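# Per-entry structural report
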Amino acid sequence: MIVVRDLVKRFPASGRGTVTAVDHLSFSVHPGEVYGLLGPNGAGKTTTLRILATLADPDSGTVEVAGLSRTTDPVGIRERIAYVPAEGGLPQRLTAREVVRLFARIQGVEEPDARADALLDRMGALGYADTPCGDMSTGMKRRVVLARALVHSPAAMLLDEPTDGLDVPGRRDVLALVREQAAEGRAIVLSSHIMGEVERVVDRIGVMARGRLVCEGTLPEVLAAAGADDLDAAFLALVGEP
Amino acid sequence: MRRTARALVELVAVLVRRLLREGMVRRSLLWPTALTAGTLVATLIVFASLQATETVGVTRAVSAELRGVIEAAGFEPVFVSDAREAVRNGTWAAVDGQVLWTNDRGPRALQLEAALREALEAPWRPDPVVPLPQTADAAPSGAAVCRLVASLFALYGVVFGLGMVARDRDDGTLAAELALPIPRWVPGAARWIASTLLLSSFYALCVATFAAIMGLPDAAAMARHGAAACGAATAIGLVVVGRAGLKQSFAGPFATGMGMATGLIALGNTHPAVGSWLPLASVFTGGDGWAPLAGTLVAGALASAIFAVRAARE
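Nothing here was measured: the structure is a model prediction, and the numbers come from that model.

### A closer look at the overall build of chain A
Along the backbone of chain A there are 9 helices and 10 strands. For 242 residues, the compact-globule estimate of 2.2 N^0.38 gives 18 Å, and the C-alpha radius of gyration of chain A, at 18 Å, lies within 12% of that figure. A principal-axis box enclosing the C-alpha atoms of chain A has dimensions of 50 × 40 × 40 Å. Within chain A, contacts between residues separated by at least 24 positions form 67% of all contacts whose residues are at least 6 apart in sequence. Accessible surface for chain A amounts to roughly 9,600 Å². Of this, 47% is attributable to carbon and sulfur atoms.

### As for helix α1 (residues 2-20) of chain B
Its 19 residues place the ends of α1 of chain B 27 Å apart at the C-alpha level, agreeing with the 27 Å of an ideal helix rising 1.5 Å per residue. Residues of α1 of chain B that are buried include every one of Thr4, Ala7, Leu8, Glu10, Leu11, Val12, Val14, Leu15, Val16, Arg18 and Leu19 of chain B, and no others.

### Observations concerning the side chain of Arg204 of chain A
Residues and elements named next belong to chain A. If you trace the backbone, Arg204 turns up in strand β9 (residues 204-209). Among the polar contacts listed, one links the side chain of Arg204 to the backbone oxygen of Ser28, at a separation of 2.4 Å. Not counting the four nearest positions on each side in its chain, Arg204 is found in contact with Ser28, Val29, His30, Glu33, Val34, Tyr35, Gly36, Glu216, Gly217 and Thr218.

### Some words on a nonpolar patch on the surface
The grouping of Val41, Ile45 and Ile213 of chain B at the surface amounts to a nonpolar patch, some 230 Å² of accessible area in total. Structurally, the position occupied by Ile45 of chain B is in helix α2 (residues 23-52).

### Points about the confidence of the model for chain A
Looking at chain A as a whole, its pLDDT mean stands at 90, while 98% of the residues score no less than 70. Element-level pLDDT for chain A is lowest in helix α7 (residues 195-201) of chain A, with a mean of 82, against a maximum mean of 96 in helix α3 (residues 96-106) of chain A.

### What about the nonpolar core?
Ile2 and Val189 of chain A are the most contacted members of the largest nonpolar core, which has 148 residues in total. In terms of residue count, the dominant contributor to this core is helix α6 (residues 135-170) of chain B (13 residues). When sequence neighbours within four positions are dropped, the list of residues in contact with Val189 of chain A reads Ile2, Phe27, Val29, Tyr35, Leu37, Leu49, Leu52, Met157, Leu158 and Leu159 of chain A.

### Section: the packing of aromatic side chains
Scanning the model with the defined rule gives 5 aromatic pairs over all chains in all. Each ring, one from Phe27 of chain A and one from Tyr35 of chain A, has its centre 4.8 Å from the other, and the planes form 10°; the classification is stacked. Each member of the pair, Phe27 of chain A as well as Tyr35 of chain A, carries the same accessibility label: buried. Members of the aromatic cluster, each reached through a chain of ring pairs, are Phe153, Tyr156 and Tyr203 of chain B. The ring of Phe103 of chain A carries the charged tip of Arg148 of chain A above its face, separated from the ring centre by 4.9 Å.

### Things to note about the packing of α1 of chain B against helix α8 (residues 185-213) of chain B
Residue and element names in this part refer to chain B. In contact at an axis separation of 8 Å, α1 and α8 are set at 50° when each is read in the N-to-C sense. By the angle between their axes, α1 is oblique relative to α8. Taken as a pair, α1 and α8 cross one another with a handedness that is right-handed. Residue-level inspection shows Thr4, Ala7, Leu8, Leu11, Val12, Leu15, Val16, Arg18, Leu19 and Leu20 of α1 in contact with α8, the latter providing Trp185, Val186, Pro187, Ala189, Ala190, Arg191, Ile193, Ala194, Leu197, Leu198 and Phe202.

### With respect to empty space enclosed by the protein
The full count for this structure, using the stated rule, is 4 cavities of 30 Å³ or more. Quantified by volume, the largest cavity comes out at close to 120 Å³. Surrounding the largest cavity, Ile81, Ala82, Tyr83, Phe103, Gln107, Arg148, Ala149, Val151 and His152 of chain A together with Ala176, Ala179 and Leu180 of chain B form its lining. Looking at which element gives the most residues to the lining of the largest cavity, the answer is strand β6 (residues 81-84) of chain A, with 3 residues. Broken down by class, the residue content of the lining of the largest cavity amounts to 9 nonpolar, 2 polar and 1 charged.

### What about the layout of surface pockets?
All names here are of chain B. Put simply, the second largest pocket is a space of about 320 Å³. In terms of lining residues, the second largest pocket is bounded by 13 residues, among which Glu22, Met24, Val25, Val159 and Phe160 are the most central. Looking at the lining of the second largest pocket, the elements with two or more residues in it are α2 and α6. Sorting elements by how many residues they give to the lining of the second largest pocket places α6 first, with 6 residues.

### Points about the interface of chain B and chain A
Counting residues at the interface gives 28 residues for chain B, matched by 30 residues for chain A. When chain B packs against chain A, the two sides together hide about 2,600 Å² of surface, and 56% of this comes from carbon and sulfur. Interface area lost by chain B to chain A is led by Arg21, Leu180 and Pro181 of chain B, which between them contribute 20%. Counting every contact that joins chain B to chain A gives 5 salt bridges. A salt bridge links Arg3 of chain B to Glu79 of chain A; its shortest N-O distance comes to 2.7 Å.

### Looking at the domain arrangement of chain B
Once the domains are mapped, chain B shows domain 1 (9-36 + 136-313) and domain 2 (59-119). The gap between the C-alpha centroids of domain 1 of chain B and domain 2 of chain B is 58 Å.

### Considering the packing of α8 of chain B against helix α9 (residues 219-240) of chain B
Residue and element names in this part refer to chain B. At a minimum axis separation of 8 Å, α8 and α9 run at an interaxial angle of 150°. Between α8 and α9, the angle is such that the two are roughly antiparallel. Crossing handedness for the pair α8 and α9: right-handed. Across from Gly188, Arg191, Trp192, Ser195, Thr196, Leu199, Ser200, Tyr203, Val207 and Ala211 in α8, the residues of α9 making contact are Ala219, Met222, Ala223, Gly226, Ala227, Cys230, Gly231, Thr234, Ala235 and Leu238.

### Re the sheet that holds β9 of chain A
Residue and element names in this part refer to chain A. Pairing in this open sheet of 6 strands is mixed, and the strands run β6-β7-β8-β3-β9-β10 from one edge to the other. Either end of the sheet is taken by a strand with one partner, and the two such strands are β6 and β10 (212-217). For this sheet the average axis-to-axis angle between neighbouring strands, irrespective of direction, equals 15°. Sheet analysis places strand β7 (residues 156-160) next to strand β8 (residues 187-192), joined by 5 bridges and oriented parallel. Bridging from a neighbouring strand, Leu158 pairs with Val189 of β8. Helix α5 (residues 138-149) rests against β6 and β7 of the sheet, and its axis sits at about 160° to β6.

### Details of the environment of Gly161 of chain B
Residues and elements named next belong to chain B. Note that Gly161 resides in helix α6. In this structure Gly161 comes out as buried when scored by relative accessible area, which is 0%. As a C-alpha pair, Gly161 and Gly257 span 96 residues in sequence and 9.5 Å in three-dimensional space. Ignoring anything within four residues of it in the chain, the contact list for Gly161 reads Thr234, Gly237 and Leu238.

Reading the values: rules and limits
Residues numbered from 1 in each chain as written. Chains lettered and ligands numbered in written order. Predicted model: local features only at pLDDT ≥ 70, side-chain atom pairs only at ≥ 80, totals over all residues. Heavy atoms only, no water. Helix = DSSP H or I, 4+ residues; strand = E, 2+ residues; numbered from the N terminus. Rg over C-alpha atoms; globule rule 2.2 N^0.38 Å. Contact = heavy atoms within 4.5 Å. Areas by Shrake-Rupley, 256 points an atom, 1.4 Å probe, with all protein chains shown as cover. Expected span 1.5 Å × (residues − 1). Buried < 20%, exposed > 50% of the residue type's maximum accessible area, 1.4 Å probe, protein only. Polar contact = N/O pair within 3.5 Å; in protein donor to acceptor, adjacent residues only side chain to side chain. Patch = residues over 30% accessible without salt bridge, like charges linked within 9 Å, V, L, I, M, F, W, Y side chains within 5 Å. Salt bridge = Lys/Arg side-chain N within 4 Å of Asp/Glu carboxyl O. pLDDT = per-residue confidence, 0-100. Core = buried A, V, L, I, M, F, W, Y, C linked by side-chain atoms within 4.5 Å. Phe/Tyr/Trp six-rings, centres within 6.5 Å; stacked < 30°, edge-to-face > 60°. Lys NZ or Arg CZ within 6 Å of the ring centre and 35° of its normal. Axes fitted to C-alpha atoms, helices over the stretch in contact; angles between N-to-C directions. Parallel < 35°, antiparallel > 145°, perpendicular 65-115°, else oblique. Left-handed = near helix turned anticlockwise from the far one by under 90°. 1 Å grid on protein atoms, 1.4 Å probe; cavity = no way out; pocket = protein on both sides within 12 Å on 5 of 7 lines; lining within 4 Å. Points joined across faces, edges and corners; volume = space filled by probe spheres on them. Nonpolar A, V, L, I, M, F, W, Y, C, P; charged D, E, K, R; others polar. Buried area = accessible area lost by both parts, 1.4 Å probe. Domains from an automatic or database assignment. Pairing = 2+ DSSP bridges.

So this is what it looks like as structure tokens:
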């Protein structure tokens, strides 16, 4: 479903030439699979997701989503993915219903208003559908963001730190929703630096450090590769932190 | 193509709604027109009320009947001991039953004289013809106010262009829009159209208000110059925002944008022949406003294209 090969992205850095944010990265995600992209801050997770979402152009490498090349058909890819930025991306002055309806209309969904309400209901957000997004809690916003992301039934979801800022019940609910989406056959890439949630929800893990994929596999495979008993220890060992 | 057009319309509608829901935006759009027009109307009211309470000095020798005539003519009789002395001391007119004393050479003195002569059945009386105020006399002042308001709205345009991108970048709204299956120029163009539409509409309201109150030489041309200025200023904001967000690097692009907008306005002042062709620069020049309006469309298209190119590089 998602195939990334030899991806490289460099940014100009003042006085230092360039900074390599993504360094020859390769991985793939299958339909129905949740792929956890782990790494410390600045590892290149968000840049990778932005490239997959066609928001940023790579310097080299290829990306394919549902058989479409990112280079030749970026709009086609955007039709098939849902990108959820870490910030959420909800305008403060619009209500939840307005946001989801807007995206449903632009995506060309049939009966967009009904679809938006159905998704808000499914995400447990219908009760505050007419509340301005600026007045919502972080947990409420996350539900609205997920409803917006699913409005066009995407084949793949790119979730950047989806549980960032959530309390324990909110985190539990969002992770359950992620698993639900995978069960419906969607390929999901989820970036995070919270090991506990990754353990619970992902099928495979890719650990990034300084733009490179330093380890990849299922949880037992990653633990074995790092020679650690738990994911926290494995993460620290793999990213080179003491 | 159909999806792109639909997305553009939907995004413009939503952006206008978002802007109008901000109290500060609403106030800043209505305030210049309301305050200026309100001040003007209040001045007229005060002036009119002061005119209505003009007094005329009368001595005890003036009969009640004659005092009634003075009142009927729209003046208020006030007793004075000596009519001549009263006028010398500043009263504009006073009557002692025999003589009308006055230091006024204008129509009100003639009106008073006419009323008194008519009451006393004099063989003749003056009939002053007071010229009505002409809107053409006030029109240059109305145009000056409208030009100042256009300059102010142009500066708003820079802020709107910058702010709509910077804020939406900070909270992820822009990324969510750019991940939609639409060309990258659409979110930029939508912001330009929304800001230009909103500012131009409120500026048109200002022009209509002053055309009604004071008259304007060419209200439609004035509205076109203002719309062109608003559009060009928003385009400047969109272009100079770069990668800035509200939380970082905003001050630099803000200063650059303001400098460019005010520089263009100043260019129009110093070189009217050139300025009348350019949006923003045409605010203080004459002309029918069509060339600046066409120029602002080009500026909007360029800004949207630059926005798209920059979005791909982030």
